[in-house]
Amino acid sequence: MKTENGIAAGTSGAKGINRRLQPIGRDLLRNRWLYLMMVPGLLYYMIYHYVPMGGLIIAFKDYNMGDGIWGSRWTGFDNFVTVFSSPDFPQLLRNTLLISVYRIVFNMVPDLLLALMLNEIRAQWFKRIVQSVTYGPYFLSWVIVYGLVFSFLAPDSGLISTGWRELTGQSISLLTDKAFFRPLLLITDFWKNTGFGAIIYLAALSSINKELYEAAVVDGAGRWRQLWNITLPGVRDVFILLLILRVGTILDAGFEQIYIFLNARVTEVGDIIDTWVFRRGLEQLDFSVATAVGFFKSVIGFILVLSANRLAKKFGGSGIW
Amino acid sequence: MVESRKTLSDKVVDFFIYFSLTLFGLATLFPLYYVAVMSITPIAEVLRNGGFVLWPKRVTWEAYRFIFSSDRIPNALKITVIVTVLGTFCNLVVTTMLAYPLSKKHLRLRNPILIGIVFTMLFSGGLIPLYLVVSATGLLNSIGALIVPGLVSTFNMLIMKTYFENLPSEVEEAAKVDGCGDLLTLIRIVLPPVAADHGNDGLVLRRQSLECLLCRHYVFDGQSAHADSGRAAQHDRGPERKLRAGRQLRRNGPAAAGVDQDGDRGRRDASDPDRLPVPAKVLCQRHAARRGKRVDTAGGRR
Amino acid sequence: MSLSFFLDAGLSSALPSDASKDFVKQAIEEKFNVELNVQYMAGGQDHVNKINTLIAANDAPDMWKDTSADGGLKLATQNVLADLTPFVTEASMPNYFKYWITPQELKYFQGIHPFMRAAVPYEKRAYRAYYIREDWLKNLGLEVPDTYEEYLQVLRAFRNNDPDGNGKKDTYGFTTTGDSGKQLGLDWPEYMKNGLVFASRVEDNKFVDTQTDLRMEGVINDIVKVNEEDLVDPDWFLNKIGQQTEKAAQGKAGVVLGTTMTFALDSNPTSLQSMTKQLFPEANWIAFNPLGDKPLQTMLSPGNPFVFSKKTAENNPEKIKRTVQILDWLASPEGFLLTHYGVEGKHYTREGNTITLKPEAYQADIVDQGNFLDVWDFFTPNNPTVFGFEVIDPTMSDRDRQILASIAQIPTLPGYGMTLTAPEGFDLASFRNKQKEWQVKLVFEDKSGSKWPEYREKLMTEYKGQLLFDTYESQLKQVGVIK
């Protein structure tokens, strides 16, 4: 990018103020078709993303429906203070971050692993069946998944609990067990989403030039060498892209799932920022505080995306830009 | 994977892979089976078994009769199909037209635009302002309201951009030589049958993956529309909707696929094969081969 | 004149897509010379969000039924509702005031706030009652319990003496719901045993918040006791709302709480009784009060208000006046009959004050058309007695009548009937959530209520509960409920 700019600037030969502006004009002119192509998409972002973004100002206001977004009273950072001064906030933040990091480690990596395993399968029929079957659960809602989990783990009627009781004579209540709550989130997420998450890597894998493997075999490279030298580099960029984006949402620990799985006995380890906002919204219709939380999460997320992208480029990856 | 002589450890690994995939497959198959069984089990039997039936003793089609007894669900289904097909088509066209130019690193406005787009993945004004905009653009109470506000999936666009970035530049140059403008080049690359006329092996390879990309894109969006409608229903409880309506980014969100290696770094200096990452190198070799040069067919980095 | 309404309706109810089948809409449009534009959604969070969005988009309906948790207070304080003073009067709504709501009730309902919300007529009869498997009692040779001690004995017998005679120890005494593990719930008779009556109330000229009262210590101790004795369905805490009824229907437990009129009636095909009978034909649920003659709840307060858009009231007050006429008609005998039982002669016959229903015609013209009367009956509860009507439902059995008679004997306490407001900026959600979390902890981990006063103190200070209840009391004083 830098070199290209340099060349363009150099050939322009213009001086003064024009010197900085002209290359852009020239760039626009030279690549007019490329820029024109982007117009519909850019218009979409302007209209349906940037215009509504004005709504974010209610994070700094006391939103009043009668006065509207613009007419409401400014309150500065009061809404943020409300959030941060909640006696539960430290616990909420800790749970959110922990669960989020766990998810990155224990749910992003299995996606890749499943794709790699499927990639090793030579029997196409087997591969196809496993692929279609494993992403089935993705389309179930968390409500249904919890219903299934409940029928296995309910303290009295659950299949597993019943079996355990018959074996050991003791009752077991995993759903209300503090130590088991986070693993339960990860296991069910793994079960539900891994098949789907693998597909994106599979597509990347399928576009790897098969001749590379041929060449590697001729070279005498074994299975692990092929994996290391051909397969993994083939999915590296996607993995990094997904990682950057995931890091940006680190303050989302998965509201839909947690809201449904949470109960009062595991609040201590499972209550997250979003469930707090939700409860508050339910009782009090507090748009301003909800927006303030969203804004806070977005700012942190954006900073993290910028840093992650920079890091990725520094270590030789391509990053997003 | 290319067939080679299998060692014992290979066989053990193979067994392990087949075994664990079968296990995981069965574990994920179960809910589909479960939902299907529940839909045809009489309520009394469900009750008797505490809501958990593995094999129904009697079968009832009552639930299905109920669904189709009024025109509400068939109608909803019809709208879903229309929105999915139309939405996917529009989505694909606009997303491609955005992703392709953004894959060109020489565009001076590329980075600002990309940052601006990623920004929208994180910041959103919420449901009410979006509703106001949808209403102001005259989409209220039309199918457009279901399609236009999600016209571009940023996630898909980024993946597609990565894919374009890794296309070998030779392909495009060939198109340019043929006198194609940017748009035509794009069409030629995106529409494989046209591009295939070039007879370039590399492109044929790409074409396979592109077909894969396209079909996946269709499948994905079809499914994601479905998933979104389900999600919308769950969302009644979500702060997410209030905070970030229309935001696409979530773990395992709707996604297109089809990305390959870091070819772009290599493309800058195609004359030095050793500095190329693998695929660019192979293509380069094939070009060289066509030009009658003898090449060493070593793959992988040593 | 065209009017837009936003109503609430059951999840599976819908107006017929063929408008010619909607005889209510036709009747209203003809009678009042209006064109109705009716939107509806199941009440609750989605309903609230949708209306908030419409308001923000300056697109508010002319009239809507508010279903938010705070009874529309937020809207009233935010200047989007019309002042009802000129519109809702005893002169403009004679039926509404004659049959359903007294001016005094309306005044209490406003509390300290301006008159922008008016109560939708609501069910004043209380249907909160415990139900017990009479056939199990008979098998074990027991009587219907009349005191808490007897009730406890019955629970023990249900758990240990194999009431269903299947040779397995697989039955429990009581089952309830912890709302998917969110709280203890208020179904336990142990509350009443300790003098705490369902819903908050004014006692000895003081506001009593049932859930955070000091007597919760005793309640928790008693709940722990029945749990430790293994008399309660162990899944109770995680049961979803409604799942306890399923458990009871599966023959897992012999006592459960019901709060609606048709909870165990034969005439309701999805009632506890109907579901249980599918598995156990001899099953018979009867209503009873384990506390003898003590009340099980306070009188109900008005719930959802109807409100008008301020914009409409300013620009087009005629619309509001016409809407008020329509609403009052809905509260009249004529409107009530049409929106609950259908067309006279077709869906029911009438002789004097005796209404005889025709279930087949009702099924074909109403239930099979999306059960659309469920949308139109938004303004009145199904309580024909206010007009002195006697309704004969051929599907109702003698047993059903018996149950309704025994529920009618359970006494209720007077309520205060007003909407209380938390102080500005108060985090009610965190307060209640913490309270529930700690109570659950006491039951399951401490297995004793002795630490409740300590936790309660924390709730009152750290989570500002004292401020909340002081505010409530001052509001009750302002209106005159507390002297």
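Residues numbered from 1 in each chain as written. Chains lettered and ligands numbered in written order. Predicted model: local features only at pLDDT ≥ 70, side-chain atom pairs only at ≥ 80, totals over all residues. Heavy atoms only, no water.

1. Examining the overall build of chain B
Check the secondary structure of chain B and you find 15 helices and zero strands. Expressed as a percentage of the 302 residues in chain B, the buried residues total 52%. Taking the intrachain contacts of chain B between residues at least 6 apart in sequence as the baseline, contacts between residues at least 24 apart amount to 60%. Carbon together with sulfur atoms contributes 64% to the accessible area of chain B, which is approximately 14400 Å² in total. (Helix = DSSP H or I, 4+ residues; strand = E, 2+ residues; numbered from the N terminus. Buried < 20%, exposed > 50% of the residue type's maximum accessible area, 1.4 Å probe, protein only. Contact = heavy atoms within 4.5 Å. Areas by Shrake-Rupley, 256 points an atom, 1.4 Å probe, with all protein chains shown as cover.)

2. Some details on the packing of aromatic side chains
Evaluated as defined, the whole model comprises 68 aromatic pairs over all chains. Seen in terms of ring centroids, F77 of chain A and F80 of chain A are 5.6 Å apart; in terms of plane orientation they differ by 50 degrees. Their pairing is tilted. Judged by its relative accessible area of 57%, F77 of chain A falls in the exposed class. Judged by relative accessible area, which is 8%, F80 of chain A ranks as buried. Where F306 of chain C meets F379 of chain C, the ring centres are 5.3 Å apart and the plane angle is 65 degrees; that geometry is what we call edge-to-face. With a gap of 73 residues between them, F306 of chain C in strand 12 (residues 305-308) and F379 of chain C in the loop between helix 16 (373-376) and strand 15 (390-392) connect regions that are remote in the sequence. (Phe/Tyr/Trp six-rings, centres within 6.5 Å; stacked < 30°, edge-to-face > 60°.)

3. Points about the pattern of salt bridges
Enumeration over the complete set of coordinates arrives at 40 salt bridges over all chains. We note a salt bridge from D156 of chain A to R165 of chain A, for which the minimum N-O separation is 4.0 Å. Relative accessible area serves as the criterion here: at 6%, D156 of chain A is assigned to the buried category. Between K447 of chain C and E228 of chain C there is a salt bridge whose closest N-O contact spans 3.7 Å. Taken together, the residues K447 of chain C in the loop between helix 18 (428-446) and helix 19 (452-461) and E228 of chain C in helix 9 (residues 216-228) connect sequence positions 219 residues apart. (Salt bridge = Lys/Arg side-chain N within 4 Å of Asp/Glu carboxyl O.)

4. Things to note about the UniProt feature "transmembrane region" (unreviewed entry) in chain A
According to UniProt, the feature "transmembrane region" (unreviewed entry) maps to residues 33-51, 97-118, 139-160, 180-204, 238-262 and 287-306 of chain A in the numbering used here. Counted over residues 287-306 of chain A, helix gives 100% and strand 0%. Its end C-alpha atoms are 28 Å apart. (UniProt positions renumbered as here; feature names shortened; annotations may be inferred.)

5. What to know about the sheet that holds strand 5 (residues 129-133) of chain C
All names here are of chain C. Taken in spatial order, the four strands line up as 6-9-5-10 in an open sheet, and their pairing is mixed. A strand with exactly one partner marks an edge of an open sheet, and here the two such strands are strand 6 (172-174) and strand 10 (285-288). In this sheet, adjacent strand axes meet at a mean angle of 25 degrees when their direction is disregarded. Of the pairings in the sheet, the one linking strand 6 to strand 9 (residues 253-258) comprises two bridges and is parallel in character. Bridge pairing links F174 to V255 in strand 9. Against the sheet, helix 7 (residues 148-160) makes contact with strand 5, strand 6, strand 9 and strand 10, and its axis sits at roughly 150 degrees relative to strand 6, the strand it touches most. (Pairing = 2+ DSSP bridges. Axes fitted to C-alpha atoms, helices over the stretch in contact; angles between N-to-C directions.)

6. Observations concerning the UniProt feature "transmembrane region" (unreviewed entry) in chain B
Residues and elements named next belong to chain B. Cross-referencing UniProt, the feature "transmembrane region" (unreviewed entry) maps to residues 12-34, 79-100, 112-133 and 139-159 in the present numbering. Annotated as 82% helix and 0% strand, the span residues 112-133 places its first and last C-alpha atoms 24 Å apart. Between the end C-alpha atoms of residues 139-159 there is a gap of 29 Å, over a span that is 48% helix and 0% strand.

7. Quick look at the sheet that holds strand 15 of chain C
Backbone-to-backbone hydrogen bonds join strands into a sheet, with any given pair of strands oriented parallel or antiparallel. Residue and element names in this part refer to chain C. Taken together, the three strands give an open sheet; going across it, the order is 13-14-15, and neighbouring strands pair in mixed fashion. Each of the sheet's edge strands pairs with one partner strand only, and the pair in question is strand 13 (348-351) and strand 15. Strand after strand, the sheet turns through a mean of 20 degrees between neighbouring axes, direction not considered. For strand 14 (residues 354-357) and strand 15, the ladder comprises three bridges, and the chain directions are parallel. Note on strand 15: the bridge partner recorded for T356 is I392. Sheet strands in contact with helix 14 (residues 333-341) are strand 13, strand 14 and strand 15, and its direction is about 150 degrees off that of strand 13.

8. Side note on the interface of chain C and chain B
Of the residues lining the interface, 19 residues belong to chain C; the matching set on chain B comes to 14 residues. For the pair chain C and chain B, the summed buried surface comes to about 1400 Å²; carbon and sulfur atoms form 60% of the total. Our count for the chain C to chain B interface comes out at zero salt bridges. In this assembly, chain C and chain B are joined by zero residue pairs in polar contact (both at pLDDT 80 or more). Counting only elements with at least two residues in the side of chain C that touches chain B, the list comes to helix 2 (45-56) and helix 11 (272-279) of chain C. (Buried area = accessible area lost by both parts, 1.4 Å probe. Polar contact = N/O pair within 3.5 Å; in protein donor to acceptor, adjacent residues only side chain to side chain.)

9. Some words on a negative patch on the surface
On the surface, E143, D146, E150 and D293 of chain C cluster together into a negatively charged patch. By relative accessible area, D146 of chain C is classed as partly exposed at 47%. (Patch = residues over 30% accessible without salt bridge, like charges linked within 9 Å, V, L, I, M, F, W, Y side chains within 5 Å. Lys, Arg positive; Asp, Glu negative; His and termini not counted. Charge placed at Lys NZ, Arg CZ, Asp CG, Glu CD.)

10. Examining the pairing of strand 5 of chain C
All names here are of chain C. Burial analysis of strand 5 places five of its five residues in the buried class, the great majority of the element. Direction of pairing for strand 5 relative to strand 9: antiparallel, over a ladder of four bridges. If you follow Y130 over to strand 9, its bridge partner there is L257. Relative to strand 10, strand 5 is paired through four bridges, and the arrangement is antiparallel. Each bridged residue has a counterpart across the sheet, and for Y131 the counterpart in strand 10 is A287.

11. Considering the packing of helix 4 (residues 72-102) of chain B against helix 8 (residues 154-165) of chain B
All names here are of chain B. Between helix 4 and helix 8, the shortest axis-to-axis distance is 8 Å and the interhelical angle comes to 50 degrees. Taken as axis vectors, helix 4 and helix 8 run oblique relative to one another. Every pair of crossing elements has a handedness; the one defined by helix 4 and helix 8 is right-handed. Along the contact surface, helix 4 presents L92, T95, T96, L98, A99, Y100 and L102, while helix 8 presents N156, M157, M160, K161, F164 and E165. For the contact of helix 4 with helix 8, the class distribution of residues is eight nonpolar, three polar and two charged. (Parallel < 35°, antiparallel > 145°, perpendicular 65-115°, else oblique. Left-handed = near helix turned anticlockwise from the far one by under 90°. Nonpolar A, V, L, I, M, F, W, Y, C, P; charged D, E, K, R; others polar.)

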